[in-house]
Amino acid sequence: MSNATGFAGPPAVQALLDAGFHVLAHDPAFADPQAWTHFASARTDLEPIHAGEPETIVAQIQDSGRVIAALVSNDHHPAPSYPLDTAPLDELRRNIETLVEFPFRLVRAVVPAMRRQGGGNIVMVTSNRTRLPLPGAAFPDAARAAANALVRSLAIDCAQDGIIVNAVAPNFLYSEAYYPSAVFKSGETGRAYVRQSVPVGRLAEPHEIGEVIAFLATVKTRFLTGAVIEFSGGWPSGPPRPSV
């Protein structure tokens, strides 16, 4: 499990533990022992990965002698809006490195081990945001579109090896990074925006995406591969048409 402390990480870890996995969790924050102690509190069958690069993450797991039955790549990056004329190109590169390059390297590193053991499940956490582009969002939209395309291509590359590659693509998932509680749960303007935008009428609770991630990590069929499951409460949807 990569980037375990942010976005869909905490509910995914809990759902995987509940499904019976021994979870090896990676996050840059775990360089601080107190951060790991706080994250691991009251959780058993959880172990930290201290490596930082994708290849060394997988190498550390292999050195432990554990079978990698499932890989969850939970990738996230801040998504502020940038005006076209002043958008910093370094931030475009960071989006691509974090949301496309890192998960690609992680999958490439884990596939040989999964081939040797006869298969495995790979789950990527991407985004559904590209269904309705917003002003100033070219960088995250481009990176997320690339990540979703990557899922489909990797699924083809891995299909003959018994390795399935799928993604859950959320939007309107509660997290302090993207939909902070003070604005979108406690603030009337934010709550109204969610009610008007999402047919379900609310933000997704973290445990709900955990259920989907655990399903994709445990599914037995090899025929479900290359899927990007939209997890956005029916969004996007349009307003009713005027009466004719």
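1. Things to note about the sheet that holds strand β5 (residues 163-170)
Sheet strands pair via backbone hydrogen bonds, and the direction of the pair is either parallel or antiparallel. Taking strand neighbours across the sheet as the criterion, the four strands line up as β3-β4-β5-β6 in an open arrangement whose pairing is parallel. Only two strands of the sheet have a single neighbouring strand rather than two, namely β3 (70-74) and β6 (228-231). Strand-to-strand twist of the sheet, defined as the mean angle between neighbouring strand axes without regard to direction, takes the value 15°. Of the strand pairs in this sheet, β3 and strand β4 (residues 120-125) are connected by five bridges, and their pairing is parallel. Within the sheet, the bridge partner assigned to S73 lies in β4 and is M124. Packed on one face of the sheet, helix α5 (residues 138-158) meets β4, β5 and β6 and runs near 160° to β5.

2. Here we look at the nonpolar core
Core analysis: the biggest nonpolar cluster contains 30 residues, and I57, L71, V110, M114, I122 and V165 have the highest contact counts within it. Contributing elements (two or more residues each) for this core: α3 (54-63), α4 (89-117), β4, α5 and β5. Per-element tally for this core: the top contributor is α4, with nine residues. Among the nonpolar cores identified, the runner-up in size contains 28 residues, and L17, W36, L173 and L216 belong to it.

3. Details of the pairing of strand β1 (residues 23-26)
Burial along β1 is two-sided: V23 and A25 facing one way and L24 and H26 facing the other are all buried. As paired strands, β1 and strand β2 (residues 46-49) are joined by four bridges and run parallel to one another. The partner of V23 across the bridge, within β2, is L46.

What counts and what doesn't
- Residues numbered from 1 in each chain as written.
- Predicted model: local features only at pLDDT ≥ 70, side-chain atom pairs only at ≥ 80, totals over all residues.
- Heavy atoms only, no water.
- Pairing = 2+ DSSP bridges.
- Helix = DSSP H or I, 4+ residues; strand = E, 2+ residues; numbered from the N terminus.
- Axes fitted to C-alpha atoms, helices over the stretch in contact; angles between N-to-C directions.
- Contact = heavy atoms within 4.5 Å.
- Core = buried A, V, L, I, M, F, W, Y, C linked by side-chain atoms within 4.5 Å.
- Buried < 20%, exposed > 50% of the residue type's maximum accessible area, 1.4 Å probe, protein only.

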